[in-house]
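A closer look at the structure
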Amino acid sequence: MMMDSGPTTFALFAAGAAALTTSVVKLKSRLALSRAKHRSLGGHSRLSRRLAGLVSFYAYDESQVFRSDNPPEEIATARHAGFMRLAKLYAERYPQTMRLTAGAKDGISDLQFTDTYRVPFQFRELVQRHLNAPAFVQSSQGVMLTDLDGNRFYDLTGSYGVNLLGYDFYKGSIARAVERAGELGPVLGSYHPVVADNVARLRAISGLDEVSFHMSGTEAVMQAVRLARYHTRRTHLVRFCGAYHGWWGDVQPGIGNPIPARETYTLNEMSEAALRVLRTRRDIACVLINPLQALHPNASPPADSALIDSARSARFDRAAYADWLKELRAVCSQNGIVLIVDDIFVGFRIAPGGTQEYFGVRADMVTYGKTLGGGLPVGVICGRRELMKRYRDDRPLDVCFARGTFNAHPYVMAAMNEFLRHLDTAEAHAMYGGLDALWNARADTLNQRLRERKLPVQVANLSSIWTVIYTEPARYNWMLQFYLRAEGLALSWIGTGRLIFSLNYTDADFAAVADRFVAAAEAMRRDGFWWHDPAATNKSIKRRVLREVLAHRFGRRTERTA
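The following refers to the structure shown. The numbering scheme is per chain: residues are counted from 1 as the chain's sequence reads. With the structure being a predicted model, the display of local features is reserved for residues of pLDDT at least 70 and the display and counting of side-chain atom pairs for 80 or more, all residues being used for whole-chain, interface and lining totals. Each side-chain value is derived from all of the structure's non-hydrogen atoms; neither hydrogens nor water enter the calculation.

Below, the discussion takes up the overall build of the chain. Only DSSP runs of H or I covering at least 4 residues are called helices, and only runs of E covering at least 2 are called strands; the numbering of each starts at the N terminus. Of regular secondary structure, the chain possesses 20 helices and 16 strands. Against the globule reference of 24 Å for 562 residues, the chain gives a C-alpha radius of gyration of 26 Å, in line with a compact fold. Dimensions of the chain, computed from the C-alpha atoms along their principal axes, are close to 95 × 70 × 45 Å. Think of it in three bands: residues with accessible area under 20% of the maximum for their type are buried, residues over 50% are exposed, and the middle band is partly exposed, with areas taken using a 1.4 Å probe on protein chains only. Within the chain, buried positions represent 52% of all 562 residues. Contacts were defined at the residue level, with two residues in contact if any of their heavy atoms lie within 4.5 Å. When contacts within the chain are restricted to residue pairs at least 6 apart in sequence, those whose partners lie at least 24 apart make up 76%. Radius of gyration: C-alpha atoms only; globule rule: 2.2 Å multiplied by the number of residues to the exponent 0.38.

Written out as structure tokens, the structure reads:
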């Protein structure tokens, strides 16, 4: 028995050493992944979900709503008077539209959600009682929307990015599409002949081999990721902190997803540590890029519901983001990782060839949507031939299935063709010439006017996509959306977080928008909503709100214990 002790001891030692080595390697890999995450909660999806679940709802009463930052009494009084004056204006100006909104809200879950998340939740109850934003419009013309009461608004919603060329263009595209495909009607499964032309044009635009049609951008991204996993035989996708790629689970791993996304890495964009992870891990199938993040890297899409202070930031550096994409492209190529550019929002807005043309980078797959549908719902994938294949020649039962009832709907395909043909016109070529210079100059003009009047607000832009930022610590920046509407500017439910201009805005149209924007900001200042304690900072405001949150959470637990 003693003779066996040597080999046995050696075997145990070897096994222990191997286990230790494996543990060290795993720990090193884990540490590298942790370093590649953004330091914000957005970069730590599990932690953000846990913390979100701990926040209890509480609401300010009418007195607290106007005193949350301990203002002088005359400021609180001015705020209250301004708020009620605005509420009276809404009630008098938008009666039919608000009445229909209130009546329909009970049956439209989407409307309940958007109406709930227009402002920070502490202020929600009073705002919903008096400043419920109308949700219905009657018509569109030029760059204007008209509500049920006949009020006309300059449209800054952009229909979530669909409206690139102006609503009149899309109304015409849809009408012509129905006329062109009307003889076939809604025949599904077979293709209308116009599909062949769409495919040829998309291949030329994307520089990629094959095309797949879907009914939404979310669907297109889902299938692109599935195909990347299928062909690489790897499990994980990489997304970058703050980026939006649709509402499905794997690309929304934090707040908003009922279950955790276990095969998703959320990394810090424009980071060497992120590139190191991509170089060293062998389980990454694909990387998703949303080029809109160039405006606010690693920050979530800005919404006024998060405006508890003035910390929102945005700044577009085209050269720096182009350099990052080129580095990312090189690393993906070296490691067999599929680079997917999600051009659903930005594509066709910044250049006819989208992100690839604008930033000078080539993707393995590109997803398109929104404006490409000519005003109708659509999602598209363009990709390299070897990545688009949905089956294996040598394994007939090993497939990557994806079909949809309404994929390549004849009317959608005909409307898409109207849009794609328009891109080839002299008018479109002229539109894209000097596009950045035009919109940068417009942003600079508005910012100069705001600075001259010492208003604590500026805009940042990626071409015709704008974000409003705030320059002095304040708790009431979310009020600006309501003053803007009163001046005849239509915003989406995220308020001043994103303004989207259609490219048919003339200089005169934009001048009118700038006049109204400045007027709204001046009215908000007069009503005291931008007063702040000179000693206040964004950090001090956040600390105060955090103390409130903890106090209400602790108080509720105490009540349950009692």
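When a carboxyl oxygen of Asp or Glu is within 4 Å of a side-chain nitrogen of Lys or Arg, the pair counts as a salt bridge. All told, the structure shown has 31 salt bridges when counted by the stated rule. A salt bridge links Asp527 to Arg85; the shortest N-O distance between them is 2.6 Å. In this pair, Asp527 sits in the loop between helix 19 (507-526) and helix 20 (538-561) while Arg85 sits in helix 4 (residues 73-93), placing the two residues 442 residues apart along the sequence. Here Asp527 falls in the buried class, since its relative accessible area comes to 8%. For Arg318, the salt bridge goes to Asp436, with nearest N and O atoms at 3.4 Å. Separated by 118 residues along the polypeptide, Arg318 in helix 12 (residues 318-334) and Asp436 in helix 17 (residues 435-452) bring together distant segments of the chain. On the basis of relative accessible area, Arg318 is assigned to the partly exposed category, the value being 37%. Among the charged side chains, a salt-bridge network with shared partners connects Asp197, Arg201, Arg421 and Asp424.

Moving on, we come to the nonpolar core. Throughout, nonpolar core names a set of buried Ala, Val, Leu, Ile, Met, Phe, Trp, Tyr and Cys residues whose side chains join them through atoms within 4.5 Å. Leu372, Val380, Phe419, Val457, Met479, Leu480 and Phe517 are the most contacted members of the largest nonpolar core, which totals 92 residues. Tallying contributions element by element places helix 19 first for this core, with 10 residues. Filtering out sequence-adjacent residues up to four positions away, Val380 remains in contact with Leu202, Val211, Ser212, Phe213, Ala220, Val366, Thr367, Tyr368, Leu372 and Met416. Among the nonpolar cores identified, the runner-up in size contains 39 residues, and Val238, Leu292, Leu328 and Ile350 belong to it.

This paragraph deals with helix 9 (residues 194-206). In this model helix 9 runs 18 Å from its N-terminal to its C-terminal C-alpha over 13 residues, within 8% of the 18 Å that 1.5 Å per residue would give. Every buried residue belonging to helix 9 is among Val194, Val195, Asn198, Arg201, Leu202 and Ser206, and all of these are buried. Each buried residue of helix 9 lies within a common arc of 130 degrees when the element is viewed along its axis, so the set occupies one face. Along helix 9, exposed side chains directed more than 90 degrees from the buried face belong to Ala196 and Ala204. Buried residues belonging to helix 9 abut helix 8 (167-181), strand 4 (210-214), helix 13 (354-359), strand 9 (365-369), strand 10 (379-383) and helix 15 (410-423). Positive backbone phi, at 70 degrees, marks Gly207, one or two positions downstream of helix 9. A helix's residues, less one, multiplied by 1.5 Å, set its expected span. Here the arc refers to the set of directions running from the helix axis out to each C-beta atom.

Look at helix 15: 20 Å from first C-alpha to last across 14 residues, which is about the 20 Å you get at 1.5 Å a residue. Within helix 15, 12 of the 14 residues are buried, leaving the element largely enclosed by the surrounding structure. Among all positions in helix 15, only Pro410, Val412, Met413, Ala414, Ala415, Met416, Asn417, Glu418, Phe419, Leu420, His422 and Leu423 are buried. Looking at the buried side of helix 15, the elements it contacts are helix 8, helix 9, strand 4, strand 10 and helix 16 (426-432).

This next bit is on the pairing of strand 5 (residues 236-240). A large share of strand 5 lies buried, amounting to 5 of its 5 residues. What you see with strand 5 is no split at all: His236, Val238 and Phe240 on one side and Leu237 and Arg239 on the other are buried throughout. The pairing of strand 5 with strand 7 (residues 284-289) spans 3 bridges and is classified as parallel. Residue pairing for strand 7: Leu237 is matched across the bridge by Cys286. Between any two strands, at least two bridges found by DSSP are needed for them to pair. Pairing of strand 5 with strand 6 (residues 264-267), which is carried by 4 bridges, proceeds in the parallel orientation. From the neighbouring strand, Phe240 faces strand 6, where its bridge partner is Leu267.

A few words now on the pairing of strand 12 (residues 395-399). Burial analysis of strand 12 places just 0 of its 5 residues in the buried class, a small minority of the element. Looking at chain direction, strand 11 (residues 391-392) and strand 12 are connected through 2 bridges and run antiparallel. Each residue of the ladder has a partner; that of Arg392, found in strand 12, is Arg395.

It is worth spelling out the sheet that holds strand 13 (residues 457-462) at this point. Across the sheet, which stays open at both edges, the 3 strands sit in the order 13-14-16 with antiparallel pairing between neighbours. Edge strands, defined here as strands with exactly one partner in the open sheet, are strand 13 and strand 16 (499-500). Looking at chain direction, strand 14 (residues 465-470) and strand 16 are connected through 2 bridges and run antiparallel. When the bridges of strand 16 are listed, Trp466 appears paired with Leu499. In the packing of helix 17 onto the sheet, contacts are made with strand 13 and strand 14, and the angle to strand 13 comes to roughly 170 degrees. Note on method: axes are straight lines fitted to C-alpha atoms, helices fitted across the in-contact stretch only, with angles between N-to-C directions ranging 0 to 180 degrees. Along the sheet, helix 19 makes contact with strand 13, strand 14 and strand 16, crossing strand 13 at roughly 145 degrees.

Take the packing of aromatic side chains next. Here a pair means two rings of Phe, Tyr or Trp (six-membered ring of Trp) with centres within 6.5 Å. Their orientation is stacked below 30 degrees between planes, edge-to-face above 60, and tilted elsewhere. With the rule as written, the count across this model stands at 29 aromatic pairs. Ring geometry for Tyr476 versus Trp478: centroids 6.0 Å apart, planes at 40 degrees, classification tilted. Each member of the pair Tyr476 and Trp478 is classed as buried. Here Phe501 and Tyr505 contribute two aromatic rings whose centre-to-centre distance is 5.2 Å and whose plane-to-plane angle is 80 degrees, an arrangement assigned as edge-to-face. The same class applies to Phe501 and to Tyr505, which are both buried. Among the aromatic side chains, those forming a connected cluster through ring pairs are Phe57, Tyr58, Tyr60, Phe121, Phe123, Tyr476, Trp478, Tyr483 and Phe529. Definition used: whenever NZ (Lys) or CZ (Arg) falls within 6 Å of the ring centre and also within 35 degrees of the ring normal, the charge is taken to sit over that ring. A cation over an aromatic ring shows up here: Arg485 above the ring of Phe153, its NZ or CZ 5.0 Å from the ring centre.

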